[in-house]
Amino acid sequence: MTVSPYNPPCGGLPPQTALMTGRAVFTEAYALIPKGVMRDIVTSVLPFWEGTRAWMLSRPLSGFSETFAQYLMEVAPGGGSEQPEPDPRAEGVLFVVGGRLRLVLDGQVHALRPGSYAYLPPGAAWSLHGEGSEPARFHWIRKAYERVEGLACPPAFVTHESETAPVAMPGTDGAWATTRFVSPEDVRHDMHVNIVTLRPGASIPFEETHVMEHGLFVLEGKAVYRLNRDWVEVEAGDFMWLRAFCPQACYAGGPGPFRYLLYKDVNRHASLAPFGAAR
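Residues numbered from 1 in each chain as written. Predicted model: local features only at pLDDT ≥ 70, side-chain atom pairs only at ≥ 80, totals over all residues. Heavy atoms only, no water.

Here the focus is the overall build of the chain. Across its full length, the chain holds 0 helices and 21 strands. Scaling as 2.2 N^0.38, a compact globule of 279 residues should have a C-alpha radius of gyration of about 19 Å, and the chain matches this with 18 Å. Based on the C-alpha atoms only, the size of the chain along its principal axes is roughly 50 × 45 × 40 Å. Looking at the chain as a whole, 48% of its 279 residues are labelled buried. In the chain, 71% of the contacts between residues at least 6 apart in sequence involve partners at least 24 apart. Averaging the positions of the 24 positive and the 29 negative side-chain charges in the chain gives two centres separated by 2 Å. (Helix = DSSP H or I, 4+ residues; strand = E, 2+ residues; numbered from the N terminus. Rg over C-alpha atoms; globule rule 2.2 N^0.38 Å. Buried < 20%, exposed > 50% of the residue type's maximum accessible area, 1.4 Å probe, protein only. Contact = heavy atoms within 4.5 Å. Lys, Arg positive; Asp, Glu negative; His and termini not counted. Charge placed at Lys NZ, Arg CZ, Asp CG, Glu CD.)

Enumeration over the complete set of coordinates arrives at 14 salt bridges. Residue Glu235 pairs with Arg23 through a salt bridge whose shortest N-O separation is 3.4 Å. With Glu235 in strand S18 (residues 230–235) and Arg23 in the segment before strand S1 (25–26), this pair connects stretches of sequence that are 212 residues apart. Given a relative accessible area of 30%, Glu235 falls into the partly exposed group. One salt bridge connects Arg226 with Glu207, and the closest N-O pair in it is separated by 3.1 Å. With Arg226 in strand S17 (residues 222–227) and Glu207 in strand S15 (residues 203–208), this pair connects stretches of sequence that are 19 residues apart. (Salt bridge = Lys/Arg side-chain N within 4 Å of Asp/Glu carboxyl O.)

Moving on: unusual backbone geometry. Residue Gly254 is joined to Pro255 through a cis peptide bond whose omega torsion reads 5°. For Asp106, which is not glycine, the phi torsion reads 50° and is therefore positive. Assignment of secondary structure puts Asp106 in the loop between strand S6 (100–105) and strand S7 (108–112). With a phi angle near 55°, Asn228 is a residue other than glycine that sits in the positive phi range. Here Asn228 lies in the loop between S17 and S18.

Position of Pro155 relative to the elements: it lies in the loop between strand S10 (136–144) and strand S11 (157–160). Judged by relative accessible area, which is 46%, Pro155 ranks as partly exposed. In the structure, Pro155 is positioned 36 residues away from Tyr119 in sequence and 8.0 Å away in space, judged by C-alpha atoms. Leave out the neighbours within four places in its chain, and Pro155 touches Tyr119, Pro121 and Arg188.

Attention now goes to the state of the cysteines. Taken as a whole, this structure holds 0 disulfides when the rule is applied. Left unpaired, Cys246 is separated from the closest cysteine sulfur, that of Cys250, by 13 Å. (Disulfide = S-S within 2.5 Å.)

Next up on the list: a nonpolar patch on the surface. On the surface, Leu13, Ile41 and Val42 cluster together into a nonpolar patch covering about 320 Å² of accessible area. Tracing the chain through its elements places Ile41 in the loop between strand S2 (30–33) and strand S3 (50–58). The exposure class assigned to Ile41 is exposed, which follows from its relative accessible area of 69%. (Patch = residues over 30% accessible without salt bridge, like charges linked within 9 Å, V, L, I, M, F, W, Y side chains within 5 Å. Areas by Shrake-Rupley, 256 points an atom, 1.4 Å probe, with all protein chains shown as cover.)

So, about the pairing of S18. Where S17 meets S18, 6 bridges bridge the pair, whose relative direction is antiparallel. If you follow Ala223 over to S18, its bridge partner there is Val234. Linking S17 to S18, which pair antiparallel, is a turn of 2 residues; within it Asn228 sits at a positive phi near 55°. (Pairing = 2+ DSSP bridges.)

For any pair of aromatic rings, the description consists of the separation of the ring centres together with the inter-plane angle of the planes. In total, this model carries 13 aromatic pairs according to the counting rule given. Both rings, one in Tyr225 and one in Phe258, keep their centres 6.5 Å apart while their planes meet at 55°; by these two values the pair is tilted. Here Tyr225, found in strand S17, pairs with Phe258, found in strand S21 (residues 258–265); they are 33 residues apart in sequence, far enough to count as distant. Side by side, Tyr225 and Phe258 carry an identical accessibility label, which is buried. Taken together, the ring pairs connect Trp49, Tyr71, Trp126, Phe138 and Trp140 into an aromatic cluster. Just above the ring of Trp140 sits the side chain of Arg142; from NZ or CZ to the centre is 5.5 Å. (Phe/Tyr/Trp six-rings, centres within 6.5 Å; stacked < 30°, edge-to-face > 60°. Lys NZ or Arg CZ within 6 Å of the ring centre and 35° of its normal.)

As structure tokens, then:
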């Protein structure tokens, strides 16, 4: 398979002689799923998807994840789906990390490659198929869209990371920057899926502690990440799942940049309904 800066290898099985000691962690505040446990035997197949398997990295769990599901999908050449999304309430983001895909979205054809990004509003008509001679891989982030009376749903769009300039965090001289595919001021959107980049030696220099739930998939590089009370080492191919209010910070290692795909829920009031009640 062609090497992609977004596409650390996963799958296969370790030899019988391998030690079982690893970095996987599941706590009351966060989970770390390292790339070494994303093996063939933990994949899922999905209804109406052909030639496709999925690593399910997150899903709503009572008392833990409340807002989203994230899959790392692998589609064989010619595989894919004409009925990809079963839930009419769901919005989605696709971010391609390897191979080539053909997306038909509301009747328009889009050729996707590594770095391509697609936003799919609830009810969007779309299909997706692998193209070329190699399997394609992409992240699929799904969320039940929270409608607000008087606000229209945001429209579908397709773009590429190269078309969106990273925005430096204040006072960092570009050492810490965010590629934002959606304007933070657009309150029609109730989730953001961004790319965060830290240069070697850069840091998030305080323990962020906030209401936003996070999913972080490391695209490139390595770092030491603060998760609640722990410092953990992470590298390309690892996934982190942070509950709301989980403290977080990090120091980026080297020699190259540390980059991750970041999900967060935004722009909505806190529900005052009892936990588990319908909104």
